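Observations on the model geometry
The primary structure of each chain is shown beneath.
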Amino acid sequence: MGPLSRETWAQRLGAFRASPSAFMAGPEGEDLGRDLLSELRSEKLSEQTKVSLLALSLEYPAQLWPDATAAEAAATSLLDILVLLPPRPSALRRPLLLAATTALVAGDALGPTSEASRRLLPLLLGLASGRDLGRGFGPASEQRPLQATACECLRELESCKPGLLGGCLGLLRGLLGQEGPVQPLSLLLALALRNTLVIRARARARAGLQGLLMAGDTPSGGDPWNWALAEEGDARLQPQAPSWPAAEEEECGLAVLEPTPEEARELRAAVAQLLDTSYLLTPVAQAQLLWLLGWALRGLRGQTPVLFKPQLVRLLGTAQLTLLHAVLALKAAFGEALFTAQDEALLLRRLTVAAQHPALPLPAHLFHLHCLLSFPENWPLGPTAEEAAPLLLGPRLCRGLLPSLLHDPMALLARLHLLCLLCVEDEEKEEKGQDWSPRHYLEELLAGLRQRAALDGGPRASATLCFQASHLVVQCLATQPTVLTPLTHGLARLYRARPVLAPHFVDLLDRVGPELGEPLRVALRQEVVSGPGRDEALRWHLQILAEVADGNAQSATLGFLGAAAAHCTDWGLQQALLRVCRALLRAGVGGGLADLLQALARQWEDPDGRDHARLYYILLAHLAGPKLGVALGPSPAAPALASSLVAENQGFAAVLMVQEAPAPIRLSVGPHRAAGPGPVLQLHVEVLEPAYSLELRFRVEGQVYAPLGAVHVPCLCPGRPCRPLLLPLQPRRPAPTRLDVRALYTTPTGLTCHAHLPPLPVNFADLFLPFPQAPEGDKLGFFEELWDSCLPKGAESRLWCPLGPQGLEALVSRHLEPFVVVAQPPTSYHVAIRLPPDSRLLLRLEAAQEDGVPVALRTDDWAVLPLAGDYLRGLSAAV
């Protein structure tokens, strides 16, 4: 068969792009990949047509080369075509490199045993280094584009096989100092360096890092590809995208790697080299580079982030959103170790002023508002999970960020979120003597939104925005009745003015908690039952009543339904009224409802409505409360059984299967026991019903902790005390976390069930362990020796610890007594805490005053400082 014409290829490619799976399943699908490779060898097609064919292989590699064998053959053929290209300039070289790389990656054919891999990898490295650019690869004019493409291909391979280029770090460092494409080389070196550090940290590898970082052609042995390291790095690493996750949630085990002084020096030199050339990169590439380097250095013990300080001088004034995002990611990662209080104030002012610029596009405006709402503070007040406005962001600074009815809906909601956070602070600390109050402004804004939503014939978007704003206010201010009470009354007036918004009210009631849900239900029920029950809004009233009807105000509700029954002449209104009756049945309403159901069964002409009313009356008259709830509950989806034998077999199947069920188990963390070789959690278990052969399984997100073993309990009964369960912890770095808990147990009926329990928190203090007993008579010397050993590789800090009304002695007695080495009550204590696996935290509490005590901290792991600071500031509230 001869080569296909351009028109034929256009038809085939059009059919393939329209539905790749259907085309590959058809008669022409099997030959598409082979025909594509054959046409690439043909000299009759133009280069532009061949580039289009290669673009197809880049878009759909999994369909064209579905397995490793096909991918290997395709990559080999593409490399043969590349080598045979004439030395003149050609537009095919770069697409061929990309296509061969994509085929190996998509087909999972990349490996040490792959012949195509052994051909492609040296070729890419030679092109990236400039060695193989000569007679066989076109003129010198293609050198830089080919170098850049080779670097991109290597970066893709390193992303798919982390650690593959671990032996090429020195070579890549050397190339970065020569003439060549700076951006692709910088990103490639940063990714390879980051992956090598992560994998060696996980594997507890200590040797060889200095040799890998030293500049040179290849490591000793001549093979630059570290397949062994790539095998260890097969576990998926985090995506290379800037973000600022919480350290305790996203840490991946880097703290166990402690480089030697020589390795640390080479590592700092490599990072400094990358940072020095970062200004030559595009903003997106700079953000990628900063995130990779920051993520790699964040957990390395003894490596402070001062290398980033010169870049901050340049980046704090940037107008590029990607770079600003990268700066905030660095701030979340390193906190006060890299950013001073002045830097923090400058960033907040920049975000605030930029968010107020009238010419700012909406996406950029929302970005600045999101950064303000999620701003990573150095020393945030309150718990980490609690949402709050930044401490330095006061009402005066936010005057220009207040929401208005003229704003775009998305911008209005973001500004409203910030206003709600300001209302929280305004509630906690009233500013007397000021005419302006965030809470009053919030009430006026919500009133304006409700006024727009109440307009007859108004746009649906206005009503949607009103309810979105109300839901956001409830989320942020659920504990403030001064805000929720006028909101409840305003929503009730909105329903009175426009009952057609009933579906919005039902949706809001389903989403909010009891803080607004209960009073809003009462207000809406009062609005409905106080009406005549015969107007054109009857179907909306019935929809609301079906949602809010309960055992309260029975007489008023039944009176409204009785008056409305005569006006329910069509099937839809009758079904709506019956749904209200069903809700009242579930709520336990009795006598009056029975009379109503009898009247409905006599009055209505529609047989479906009469039969339902008669059925509800029979259920109400003959079934008690629990059985009535079961009868009105959702019916099982299984079809009716034809015989008792089938039912018995299904019963056997239910016994043999593990079924998911609501958890009848309550699990809580008991007091901390500061003893033993490692930290241990005390777990208290209570059950609501008997459980046998209970197995509790624990899982920790990330790699901060080693896998935890299961805990087994033979039998648990309600009301019968159970001894505390001990769960040993094996942290790989001293950081708090959350444990996901699953329970597997057997019920008294013989069924095996599994259930998800609420996550258990592991606090920073739960990891505290005491040092061995200090020698008598020389406790002060023992403490001073520990104190001096923390420097120079560790870190030191000072902070002010507020005291409660009971003073320093009560605080130490309650929280720190097992760790006190030297005590001079009531004003001075020396505390030594051991943190697993091998860190230490030392505290000097001296010269205590009435309202607080200055605390000097030292540790051999600088990453412990922010955790220790949060812990000490929270002690006064816990006393």
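Because the structure is a prediction, the values reported are computed rather than measured.

**Considering the overall build of the protein chain**
- The number of helices and strands found in the protein chain is 37 helices and 14 strands.
- Across the 879 residues in the protein chain, those meeting the buried criterion constitute 49%.
- Counted over contacts in the protein chain with a minimum sequence separation of 6, partners at least 24 positions apart contribute 69%.
- Carbon and sulfur atoms form 55% of the exposed surface of the protein chain, whose accessible area is close to 41500 Å².

**Description of the sheet that holds strand 2 (residues 665-669)**
- Spatial strand order, 2-3-6: 3 strands in an open sheet with antiparallel pairing. Each of the sheet's edge strands pairs with one partner strand only, and the pair in question is strand 2 and strand 6 (725-728). If you compare each strand with its neighbour and ignore which way they point, the axes differ by 30° on average.
- Examined bridge by bridge, strand 2 and strand 3 (residues 680-687) share 5 bridges and lie antiparallel to one another. Within the sheet, the bridge partner assigned to serine 668 lies in strand 3 and is histidine 684.

**Observations regarding the side chain of threonine 101**
- Among the secondary structure elements, threonine 101 is positioned in helix 7 (residues 93-106).
- Filtering out sequence-adjacent residues up to four positions away, threonine 101 remains in contact with Leu120, Leu124, Cys153 and Leu157.

**Comments concerning unusual backbone geometry**
- Residue proline 792 is reached from leucine 791 by a cis peptide bond, and omega for that bond is 10°.
- Here proline 792 shows up in the loop between helix 34 (779-789) and strand 10 (795-802).
- One non-glycine residue, aspartate 108, lies in the positive phi region at around 55°.
- Along the polypeptide, aspartate 108 turns up in the loop between helix 7 and helix 8 (115-129).
- Look at serine 693: it is not a glycine, yet its phi comes out positive at around 50°.

**Comments concerning helix 18 (residues 321-334)**
- For helix 18, which comprises 14 residues, the first-to-last C-alpha distance of 20 Å matches the rise-based estimate of 20 Å (1.5 Å per residue) to within 8%.
- Summarising burial for helix 18: 10 of the 14 residues are buried, a large majority.
- What helix 18 keeps buried is the set Leu323, Leu324, Ala326, Val327, Leu328, Ala329, Leu330, Lys331, Ala333 and Phe334.
- One or two steps after helix 18, the chain reaches glycine 335, where phi turns positive at roughly 60°.

**Quick word on the side chain of histidine 368**
- Mapping histidine 368 onto the fold places it in helix 20 (residues 362-373).
- According to the relative accessible area criterion, histidine 368 is buried, its value standing at 5%.
- Non-local contacts of histidine 368, meaning those with residues more than four positions away in its chain, are made with Leu321, Leu324, Leu351, Ala354, Ala355 and Leu360.

**Quick look at the pattern of salt bridges**
- Enumeration over the complete set of coordinates arrives at 21 salt bridges.
- Across the salt bridge formed by lysine 309 and aspartate 343, the nearest N and O atoms sit 3.4 Å from each other. One end of the pair, lysine 309, is in helix 17 (residues 309-315); the other, aspartate 343, is in helix 19 (residues 341-355), with 34 residues separating them in the sequence.
- Overall, aspartate 343 belongs to the buried group, its relative accessible area being 14%.
- The salt bridge partner of glutamate 443 is arginine 439, with a shortest N-O separation of 3.4 Å.

**Considerations on helix 23 (residues 460-476)**
- The end-to-end C-alpha distance of helix 23, which contains 17 residues, comes to 25 Å, matching closely the 24 Å that a straight helix rising 1.5 Å per residue would cover.
- Looking only at helix 23, the buried set comprises Ser462, Ala463, Leu465, Cys466, Phe467, Ala469, Ser470, Leu472, Val473, Val474 and Cys476.

**With respect to the sheet that holds strand 4 (residues 691-700)**
- Strand order in the open sheet formed by 5 strands is 1-8-7-4-5, and the pairing between neighbours is mixed. Bordering the open sheet on either side are strand 1 (658-660) and strand 5 (711-716), each of which pairs with just one other strand. Averaged over all pairs of adjacent strands, the angle between their axes in this sheet comes to 30°, without regard to strand direction.

**What about the confidence of the model for the protein chain?**
- Averaged over every residue, the pLDDT of the protein chain is 82; the share at 70 or more is 85%.
- Across residues 635-653 the pLDDT falls below 50, and counting only partners more than four positions away or on other chains, this stretch makes 3 contacts in the model.

**Brief notes about the environment of leucine 124**
- Counting through the fold element by element, leucine 124 comes out in helix 8.
- Overall, leucine 124 belongs to the buried group, its relative accessible area being 0%.
- Along the primary structure leucine 124 and threonine 149 are separated by 25 residues, whereas in three dimensions their C-alpha atoms are 8.7 Å apart.
- Setting aside chain neighbours within four positions, we find leucine 124 in contact with Leu97, Thr101, Ala150, Cys153, Leu154 and Leu157.

**Brief notes about the packing of helix 25 (residues 502-511) against helix 26 (residues 514-529)**
- In the contact formed by helix 25 and helix 26, the axes pass within 9 Å of each other and the chain directions differ by 150°. Here helix 25 is positioned roughly antiparallel relative to helix 26, judged by the angle of their axes. Helix-helix and strand crossings are classified by hand; for helix 25 and helix 26 the assignment is left-handed. In this structure, helix 25 uses Phe505, Leu508 and Leu509 to contact helix 26, whose residues at the interface are Gly517, Leu520, Arg521 and Leu524.
- Residues of the contact of helix 25 with helix 26, tallied by class, amount to 5 nonpolar, 1 polar and 1 charged.

**Quick look at the packing of aromatic side chains**
- Counted according to the given criterion, the structure contains 11 aromatic pairs.
- Arranged with centres 6.4 Å apart and planes meeting at 70°, the rings of phenylalanine 764 and tyrosine 871 form a pair that is edge-to-face. You can see phenylalanine 764 sitting in the loop between strand 8 (752-762) and strand 9 (769-770) and its partner tyrosine 871 sitting in helix 36 (residues 865-873), a full 107 residues away along the chain.
- You can call phenylalanine 764 buried: its relative accessible area is 7%.
- Feature note: the residues Phe764, Phe768, Phe819 and Tyr871 constitute an aromatic cluster, connected by ring pairs.
- Across the ring face of phenylalanine 339, the terminal group of lysine 331 is positioned such that the distance to the ring centre comes to 6.0 Å.
- When the ring centre of tryptophan 540 is taken as reference, the NZ or CZ atom of arginine 539 above it lies at 4.0 Å.

**What to know about the packing of helix 3 (residues 29-41) against helix 4 (residues 47-59)**
- Across the interface, helix 3 lies against helix 4 with an axial gap of 10 Å and an inter-helix angle of 150°. The angle between helix 3 and helix 4 falls in the class roughly antiparallel. In this structure, helix 3 meets helix 4 at a crossing whose hand is left-handed. Contacts from Leu36, Glu39 and Leu40 of helix 3 reach helix 4 at Lys50, Leu53, Leu54 and Leu56.
- Of the residues belonging to the contact of helix 3 with helix 4, the class tally is 5 nonpolar, no polar and 2 charged.

**Structural notes on the environment of leucine 811**
- With respect to the helices and strands, leucine 811 occurs in helix 35 (residues 807-815).
- Looking at leucine 811, the relative accessible area reads 1%, which means it is buried.
- Along the primary structure leucine 811 and leucine 875 are separated by 64 residues, whereas in three dimensions their C-alpha atoms are 7.2 Å apart.

Definitions and cut-offs
Residues numbered from 1 in each chain as written. Predicted model: local features only at pLDDT ≥ 70, side-chain atom pairs only at ≥ 80, totals over all residues. Heavy atoms only, no water. Helix = DSSP H or I, 4+ residues; strand = E, 2+ residues; numbered from the N terminus. Buried < 20%, exposed > 50% of the residue type's maximum accessible area, 1.4 Å probe, protein only. Contact = heavy atoms within 4.5 Å. Areas by Shrake-Rupley, 256 points an atom, 1.4 Å probe, with all protein chains shown as cover. Pairing = 2+ DSSP bridges. Axes fitted to C-alpha atoms, helices over the stretch in contact; angles between N-to-C directions. Expected span 1.5 Å × (residues − 1). Salt bridge = Lys/Arg side-chain N within 4 Å of Asp/Glu carboxyl O. pLDDT = per-residue confidence, 0-100. Parallel < 35°, antiparallel > 145°, perpendicular 65-115°, else oblique. Left-handed = near helix turned anticlockwise from the far one by under 90°. Nonpolar A, V, L, I, M, F, W, Y, C, P; charged D, E, K, R; others polar. Phe/Tyr/Trp six-rings, centres within 6.5 Å; stacked < 30°, edge-to-face > 60°. Lys NZ or Arg CZ within 6 Å of the ring centre and 35° of its normal.

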